[in-house]
Amino acid sequence: MSKRALTVTRQDNFPEWYQAVVREADMAETSPVRGCMIIKPWGWGVWERIQAELDQRIKDTGHENCYFPLFIPMSFIAKEAEHVEGFAKEMAVVTHHRLKNEGGKLVLDPDAKLDEPLIVRPTSETIIGDAFQRWIKSYRDLPLLINQWANVVRWEMRTRLFLRTAEFLWQEGHTAHADQADAMAETRKMLEVYREFSESVLAMPVIAGEKPANERFPGADNTFSIEAMMQDGKALQAGTSHYLGTHFAEAQNIQFQNAQGQLTLCHTTSWGVSTRLIGGVIMTHGDDDGLRLPPKIAPRQIVIVPMLRDKPEDAELIAYCGTLENDLKAFGIRVLVDVKPTKSAEKRWSWVRRGAPVIVEIGGRDATGNNVTFMRRDRLRDGDKVVSHTKPRAAFIAEAPALLAEIQASLFAEAKARLDGNITREIKNFDELSAHFGATEGDDEAGPFKGWVLVPWSEPEGERLEAIVDRLKALKLTIRNAPLEQGKVEGSCVFTGMAATSNILIARAY
RNA sequence: CGGAGCGUAGCGCAGCCUGGUAGCGCACUUGCUUCGGGAGCAAGGGGUCGGAGGUUCAAAUCCUCUCGCUCCGACCA
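Every value quoted in this text rests on a predicted model; they were computed, and no experiment measured them. (Residues numbered from 1 in each chain as written. Chains lettered and ligands numbered in written order. Predicted model: local features only at pLDDT ≥ 70, side-chain atom pairs only at ≥ 80, totals over all residues. Heavy atoms only, no water.)

With that settled, consider empty space enclosed by the protein. Per the stated rule, a full pass over the model turns up 2 cavities of 30 Å³ or more. By volume, the largest cavity is sized at about 70 Å³. Glu125, Ile128, Gly129, Phe132, His174, Thr175, Leu244, Phe248, Gln252, Ile254, Thr268 and Thr269 are the residues that line the largest cavity. Ranked by residue count, the leading element in the lining of the largest cavity is helix α5 (residues 125-135), at 4 residues. Counted by class, the lining of the largest cavity contains 5 nonpolar, 6 polar and 1 charged residues. Quantified by volume, the second largest cavity comes out at close to 40 Å³. If you go around the second largest cavity, the residues you meet are Met204, Pro205, Ala228, Met229, Met230, Thr284, Ala415, Arg418 and Leu419. At the level of elements, β12 (222-229) and α12 (393-421) are the ones that each hand at least two residues to the lining of the second largest cavity. (1 Å grid on protein atoms, 1.4 Å probe; cavity = no way out; pocket = protein on both sides within 12 Å on 5 of 7 lines; lining within 4 Å. Points joined across faces, edges and corners; volume = space filled by probe spheres on them. Helix = DSSP H or I, 4+ residues; strand = E, 2+ residues; numbered from the N terminus. Nonpolar A, V, L, I, M, F, W, Y, C, P; charged D, E, K, R; others polar.)

Given below as structure tokens:
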């Protein structure tokens, strides 16, 4: 009776469970190219929903979309010192533009060697900055607010589908402003857009805050992030927003004439979220029966499965489902009638694994009685038993939008309770921190859920910070961010013993 | 790139120690019977056992190399 749709549980082996969901929910698969992924229609549908919702918000805040090239001249990357340092180790390089056939073997044609190698963009600050430098002349051209949806490549050592892949898809916003205040306001505004988007669309609660110096984007003065808590207690950086100061403006001559006629450096920002969000959704909402998708990003919000029997009366059943489909579509609901000639039970469970928010099953009795039988994916079971509900057709249709809203809200509430309930705030010193996380030393597999801790600290920088980072590393911990909503700051720094100036989140992370 | 483990049908696995050229469950195909629900019976399809080389009359099994995956470490907006 306790049969689950997946063969691995979260409890048994979280990483394996994650991979099983990606596979069984038909989201993506690995490709012949190491570290890259094939995003399948169901996974792509989720990404399209993410794009649509976020793109609207990006436009609503005054940004315009455009597109810059995949290839960047190598010299561009070299312009900003920290930027090179940060990305040099993971860049794909194009050196030739032609192959030649040498005795049946394809080889690089030495005559087609590029004078200047091209790098495949790991991010686009430099090539966009180059354009900004040409586009911006006057203070009247500012602020310049640009966004692009693109793929980028970072040659990562270790990859996992959605969470960290060599090629991934994202949106990167790039803006230029007249002064620091304006650029910083932009940085914070987009962080807030990400927070609101994550919580209301992905139903994924996050903590927005500022990254410590060691976690800053290469070339940024300030980096902000939203951090989400996965079901294994690890943190996932779900989005970042950077205030780049005048570093890129200096390196690339991005200047404008102010109202007094003086040439002035721009202050720039950049911000992005990626397909990693999908991994976050899986690890936030998935259960031992597979994925659970928030209705706002589900490619199909309601899937109708007619209980076909390969008999003449199937036609009536399909017709009944068809009118139900149309009535639901009239509410703007994304509906699918799954008429595939597969066994009904098989279809049901495939939609359970994929996480369709509402799965409707229509049998002969529903059709004649004018009823609808359905399951809520967010509350699939009572104990081990699968729960299905039956309602009059008209009532089901009338209540469908509210039902989807309720599912969206309940997924968020569940995740929010987990986040709020698992941030420990009582840690006073490093020993307590070690004890809190270190109790499981030795059996790190499937260890108890530790969540995050919020501790006071004194914001050290430089070598003192490096030393702290090393101590944390020994416990497999990282500093996530200093939440924007600080609450009370009291006591002394858990690392230095000095008077605390802010609180930071510490956690194991992806 | 270092340590550990694993690659046998789409998925999950057995077989390997003690070589004799492949099996189980689910899924898939066909038929019959069932049918308010992850059905039963029967008959099928699908694998050069990750790849290459070696030992041997004979290799999934033993040896060497290699590729990939997972975990840990290093690395990572």
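In this section: the protein's contact with RNA strand B. Arg154, Arg164, Gln237, Arg365 and Asp366 are the nearest of the 44 residues found near RNA strand B. In RNA strand B, atoms within 4 Å of the protein come from the sugar-phosphate backbone in 47% of cases. Between RNA strand B and Arg381 there is a distance of 3.4 Å, counted from a base oxygen to a side-chain nitrogen or oxygen. Of all the elements in the fold, those that place two or more residues in the surface near RNA strand B are α1 (14-24), β10 (167-177), β13 (235-243), α10 (344-354) and α11 (364-369). (Near = heavy atom within 4 Å. Polar contact = N/O pair within 3.5 Å; in protein donor to acceptor, adjacent residues only side chain to side chain.)

On to the side chain of Arg276. By secondary structure assignment, the location of Arg276 is in helix α8 (residues 276-285). No salt bridge is formed by the buried Arg276; its nearest oppositely charged neighbour, Glu227, is found at 7.2 Å. Filtering out sequence-adjacent residues up to four positions away, Arg276 remains in contact with Phe162, Leu163, Arg164, Leu236, Gln237 and Tyr510. (Buried < 20%, exposed > 50% of the residue type's maximum accessible area, 1.4 Å probe, protein only. Lys, Arg positive; Asp, Glu negative; His and termini not counted. Salt bridge = Lys/Arg side-chain N within 4 Å of Asp/Glu carboxyl O. Contact = heavy atoms within 4.5 Å.)

This part takes up the packing of aromatic side chains. The tally for this structure, following the rule as stated, stands at 11 aromatic pairs. Here the aromatic rings of Phe14 and Trp17 are separated by 5.0 Å at their centres, their planes lie at 35°, and the arrangement is tilted. Of this pair, Phe14 and Trp17 both sit in helix α1, separated by 3 residues, roughly a single helical turn. Neither residue differs from the other here; Phe14 and Trp17 are each classed as buried. The rings of Phe68, Phe132 and Trp135 are connected pair by pair, giving a single aromatic cluster. Here Lys234 stacks its cationic end above the ring of Tyr510, 4.7 Å away from the centre of that ring. Seen from the ring of Tyr320, Arg393 lies directly overhead, with NZ or CZ sitting 5.9 Å from the centre. (Phe/Tyr/Trp six-rings, centres within 6.5 Å; stacked < 30°, edge-to-face > 60°. Lys NZ or Arg CZ within 6 Å of the ring centre and 35° of its normal.)

Let us now look at unusual backbone geometry. Going from Leu142 to Pro143, the amide bond is cis rather than trans, its omega being -5°. Within the fold, Pro143 resides in the loop between α5 and β9 (144-153).

Turning next to the environment of Asp288. Assignment of secondary structure puts Asp288 in the loop between α8 and β17 (302-306). Taking C-alpha positions, Asp288 is 28 Å from Gln51, a pair spaced 237 residues apart along the chain. Discounting residues that sit within four places of it in the chain, Asp288 has contacts with Arg4, Ala5, Leu6, Thr9, Arg10 and Trp17. Among the polar contacts made by the side chain of Asp288, one reaches the side chain of Arg10 at a distance of 2.9 Å.

This part covers the pattern of salt bridges. Using the criterion set out here, one finds 32 salt bridges in the structure. Its salt-bridge partner being Arg57, residue Glu196 comes within 2.8 Å of it at the nearest N-O pair. Taken together, the positions of Glu196 in helix α6 (residues 180-200) and Arg57 in helix α2 (residues 41-60) put the pair 139 residues apart, joining distant regions of the chain. The salt bridge involving Arg393 is made with Asp327; its shortest N-O contact spans 2.3 Å. Taken as a pair, Arg393 in helix α12 and Asp327 in helix α9 (residues 314-329) lie far apart in primary sequence, 66 residues in all. The class of Arg393 is buried, set by a relative accessible area of 14%. When its relative accessible area of 29% is taken as the criterion, Asp327 is described as partly exposed.

On to the nonpolar core. Of all hydrophobic cores here, the largest spans 60 residues; its most connected members are Met27, Ile50, Phe162, Leu202 and Ile282. In terms of residue count, the dominant contributor to this core is α6 (7 residues). A domain split of this core shows at least three residues from each of domain 1 (14-93 + 120-285) and domain 2 (295-407). Judged by nonpolar contacts, the second largest core, of 24 residues, contains Ile128, Ile146, Phe217 and Ala220. (Core = buried A, V, L, I, M, F, W, Y, C linked by side-chain atoms within 4.5 Å. Domains from an automatic or database assignment.)

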